[in-house]
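Topology and contacts: notes
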Amino acid sequence: VPIVDENGNKMENLKVSEGRISFIPKNAGIYYLKAKYADRQIDSSYILTVRDSLAPVTEFEDGSNSSTVVKIKAGDTHEIKNFNITDNVTAKEKLIVKIAVIDSSGAVVAWIEPDCTFDETGLKITSWGKSSYRFTKTGLYKVMILAQDESKNMSRTYYNVQVEEK
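Now for a look at the structure at hand. (Residues numbered from 1 in each chain as written. Predicted model: local features only at pLDDT ≥ 70, side-chain atom pairs only at ≥ 80, totals over all residues. Heavy atoms only, no water.)

1. Points about the sheet that holds strand 10 (residues 96–102)
Keep this limit in mind: Pairing between strands is defined by DSSP: at least two bridges between them are needed. Numbering of helices and strands runs from the N terminus; a helix is a DSSP stretch of H or I covering at least four residues, while a strand is a stretch of E covering at least two. Axis definition: a line fit to C-alpha positions, over the contact stretch in the case of helices; interaxial angles, taken between N-to-C directions, run 0 to 180 degrees.
Taken in spatial order, the 5 strands of this open sheet run 7-16-15-10-11, and their pairing is mixed. For this open sheet the edge positions go to strand 7 (69–73) and strand 11 (108–112), each flanked by a neighbour on one side alone. Averaged over all pairs of adjacent strands, the angle between their axes in this sheet comes to 25 degrees, without regard to strand direction. Of the pairings in the sheet, the one linking strand 7 to strand 16 (residues 154–164) comprises 5 bridges and is parallel in character. Looking at the pairing, K73 lines up with E164 of strand 16.

Structure representation (structure tokens):
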């Protein structure tokens, strides 16, 4: 019994047991099942839609995370840490990526468009980074990376910046 994905690729490792067919799809997408019943010569087709329910994964290149605190002085410009984002379905070029600077009350004080580095073809993103923000007031801030894939799954990853008197 063949099961093919929306590109016509045949699925492997199918298990048939007591008239049931099971398989683990490698990706979200649409899968087609065509069954031919030998005793009736009837063709049946089923369409299975596998939805992408996993959010993108963001990692800072230096290993920073939500417990990381970077200390700077008021008036200094902070270089946003370089980061990489992966997703199980959506290509990097199709991810929506924003950087938010959030103060200790939870208010967004700035939205930053991230710069990105492309491969030698100029078509594929290899990493994000090279963005900066000038902190003018003291306090504890979060620098948060928000990433959304084509299925609208969103992730939020951040590190902290402690801004002290000059």
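2. Topic: unusual backbone geometry
Using the following cut-off: Only protein chains enter the calculation, and the probe is 1.4 Å; a residue is then buried if its accessible area is under 20% of its type maximum, exposed if over 50%, and partly exposed in between.
Of note in this structure, K152 is not a glycine but carries a positive phi near 75 degrees. One can find K152 in the loop between strand 15 (139–148) and strand 16. Assessed through its relative accessible area of 63%, K152 is described here as exposed.

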